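# Structural features, examined
Single-letter residue listing:
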Amino acid sequence: MPAVMDDRIVILGAGQAGARLAEALRDGGHTGPVTLVGAEAHPPYERPQLSKEMLLDPGASLTPIKPVAGWGMAGIRLLTGMAATGVDAASRSVTLADGQVLRWDRLVFATGTRPRRLPLLEAGPVPVLYLRTVEDALDLRRRLRPGLRLAVLGGGVIGLEVAAAAMKQGCSVDLVEAAPRLLSRAVPPLVAGRLSARHALAGVGLHVGRQAVGMADGGVILDDGRVLPADLVLIGIGVEPCIDLALPLGIADADGIRVDAQGRTAQPGIFAIGDVASQWSRWHGRWSRVETWANAQNQALATAASLLGRDQPHADAPWFWSDQYDLTLQACGDATTGEMVVRGDPQGAFATIHLVDGHINGATSINAPGDMAALRRLVTARAAIAADQLADPGFHLRRAVAALPKS
Amino acid sequence: MAEPSRLVSGGSADTLPPGELRRVCSEPPVTIYNVDGAFYATDDWCSHDKASLAEGWLEGHTIECPWHMAKFCVRTGKALTAPARVDIRTFPVRVENGELFVDLGAAA
């Protein structure tokens, strides 16, 4: 398919997804021009460390996805610090902030998300930070000092990882979560309880079922009227998709840009990947953005295949990991519904497996990476395995994967 | 000068069928893989974040770290995907009288 291989491809967004896609196009033999346009000042870099090592180690530096020279060597035109300002589908062009116009045969949105903000709190006397970019991480690291009183708003992955890092830096930390428990959209109560206990043991003050409603002098006002003393506030209450340029094209709504398993949007020639893309989840039975590192990587690879004229639909179950203190949490599929099976010791290393109509529809693990390596595949396949077998530590998950029918 | 050979036992070859892998608690710890009847050994620790590759996922000649999905080639030790950037070492494996031996002195 020479016409396809010669196409001009423009990728908007130079995060994990955009960068991996550009790389995969070249690896897959694409010969036409590939342009990667990123608004951030840096070449593409890894984000997972921003809420982990980057907050702890003063020597930690940015981990590039590829050595800077590698982009040029691969024949990928990388534009950093460059925002796109407009997309025209009729003339197949993108306008950039400096006025230059890029023509494309195929366009890929990898524009990602931005943190949801709480402007009401930003106006108060206590500094408020968000965490998305390396600048955000370095700013936070500079401020995390022994004795600092940090209020973290949001008990999701970002909030919990920041809380753990701040405790290690000698700060005193309060964490506020509006839902009745931590990570309520991602893990079952058993796992949330284990994480809560670990944070409490470290000394984090947990305030679940509470919201911040304002800022007082020297602290955050909660909805029960209490004031949490704080010198710094970190807000991690979720993200919103960057869809400004996609909205006028009729391919996006407030939930993101809807795509099929090949990354195609409703507009011919326009694709979307990574955090901004809304995908149908067989595990959740709904459309949703999958804001994970693994999705950014693997959906990009599937979409690259699609751009190269190959059919390799993105079929992996959503999966993420989080490192907090001495715990590594992993979750896959939908681990909040169905019948829960516990495998292992809930006080030690264990996994939870969630069955819907007898099929494995989700799983989590705490410090049980070996089980999760197999469970990720069993969730993706929605394998039917009996609950008592799954609960039996002698039952070999790896062999159960090997026994799956080949797709 | 190559280091002198330093052989450690990796247990019986019969109990490591094709597609399976096993950790050997040597110093350094290594993992032995059976890919279609051929045996390979690498460092057990992922070069990215100290997870045991023996708990990982072997597919063909690729081992995937169970923590963060970094992938390595078990024949060459090459880091194939992020987040790993640093290759792992490989070690020769030989089978004598049905027993696996890894030569820790001959890292490549």
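Summary of the structure given here. (Residues numbered from 1 in each chain as written. Chains lettered and ligands numbered in written order. Predicted model: local features only at pLDDT ≥ 70, side-chain atom pairs only at ≥ 80, totals over all residues. Heavy atoms only, no water.)

### With respect to the overall build of chain B
Test applied: Secondary structure elements are taken from DSSP: a helix is a run of H or I of four residues or more, a strand is a run of E of two residues or more, and numbering for both begins at the N terminus. Atoms counted for the radius of gyration: C-alpha only. Globule rule: 2.2 Å times the number of residues to the power 0.38. The buried label goes to any residue with under 20% of its type's maximum accessible area, the exposed label to any with over 50%, and the partly exposed label to all in between, with areas taken from a 1.4 Å probe on protein chains only. Exposure was quantified through the Shrake-Rupley algorithm and a 1.4 Å probe, taking into account, for residues, occlusion by the shown protein chains and nothing else. Residues scored as positive are Lys and Arg, those scored as negative are Asp and Glu, and His as well as the terminal groups of each chain are ignored. Every charge is mapped to an atom, namely NZ of Lys, CZ of Arg, CG of Asp or CD of Glu.
Per the secondary structure count, chain B includes zero helices and ten strands. Ordered by position from the N terminus, the helices and strands of chain B form the series β-β-β-β-β-β-β-β-β-β. Computed over the C-alpha atoms, the radius of gyration of chain B is 13 Å, within 12% of the 13 Å expected from 2.2 N^0.38 for a compact globule of 108 residues. Considering only C-alpha atoms, chain B reaches an extent of 40 × 35 × 20 Å along its principal axes. Considering chain B as a whole, with its 108 residues, one finds that 51% of them fall into the buried category. For chain B, the exposed area adds up to about 5100 Å²; of that, 52% sits on carbon and sulfur atoms. Treating the 10 positive side-chain charges of chain B as one cloud and the 15 negative ones as another, the clouds have centres 6 Å apart.

### Things to note about the interface of chain A and chain B
Put simply, the rule is: Contact criterion: two residues are considered in contact whenever any of their non-hydrogen atoms come within 4.5 Å of each other. The term buried area denotes the loss of accessible surface (1.4 Å probe radius) that occurs when two parts are joined, taken as the sum for both partners. Criterion for a salt bridge: a side-chain nitrogen of Lys or Arg within 4 Å of a carboxyl oxygen of Asp or Glu. Polar contacts here mean pairs of N or O atoms no more than 3.5 Å apart (in protein, one a potential hydrogen donor and the other a potential acceptor; neighbouring residues in sequence count only if both atoms are side-chain atoms). Three classes are used, and their members are as follows: Ala, Val, Leu, Ile, Met, Phe, Trp, Tyr, Cys and Pro are nonpolar, Asp, Glu, Lys and Arg are charged, and the others, Gly among them, are polar.
Opposite the 23 residues of chain A that make contact, chain B presents 18 residues. Area buried by chain A at its contact with chain B is led by Pro369, Arg377 and Arg398 of chain A, which between them contribute 32% of it. One salt bridge in this structure joins Arg376 of chain A and Glu64 of chain B, with 2.8 Å as the shortest N-O distance. Counting every contact that joins chain A to chain B gives six residue pairs in polar contact (both at pLDDT 80 or more). For the side of chain A that touches chain B, the secondary-structure elements that each account for two or more residues are α9 (293-307), β23 (319-324), β24 (327-333), α10 (369-381) and α12 (397-402) of chain A. Per-class residue counts for the side of chain A that touches chain B are ten nonpolar, six polar and seven charged.

### Some points on the side chain of Arg20 of chain A
By the element assignment, Arg20 of chain A lies in helix α2 (residues 16-27). One polar contact links Arg20 of chain A to Gln297 of chain A, side chain to side chain, over a distance of 3.0 Å. Setting aside residues up to four positions removed in sequence, Arg20 of chain A forms contacts with Glu46, Ile65, Gln297 and Ala300 of chain A together with Ala82 of chain B.

### Looking at unusual backbone geometry
Here Glu27 of chain B and Pro28 of chain B are connected by a cis peptide whose omega angle stands at 0°. Topologically, Pro28 of chain B is positioned in the loop between β2 (21-24) and β3 (30-35). Unlike most non-glycine residues, Tyr325 of chain A shows phi in positive territory, near 55°. A positive phi angle is found at Arg382 of chain A, which is not glycine, with a value near 45°.

### A short note on the pairing of strand β5 (residues 93-96) of chain A
Residue and element names in this part refer to chain A. Quick note on the threshold: In this description, strands pair whenever DSSP reports at least two bridges between them.
With four bridges connecting them, strand β4 (residues 84-88) and β5 associate as antiparallel partners. Across the sheet, residue Val87 finds its bridge partner in β5, namely Val94. Hairpin connection of β4 to β5: four residues between the antiparallel strands, including Arg92 at a positive phi of 50°. Relative to strand β6 (residues 101-103), β5 runs antiparallel, the two sharing three bridges. Pairing of Ser93 across the sheet is with Arg103, part of β6.

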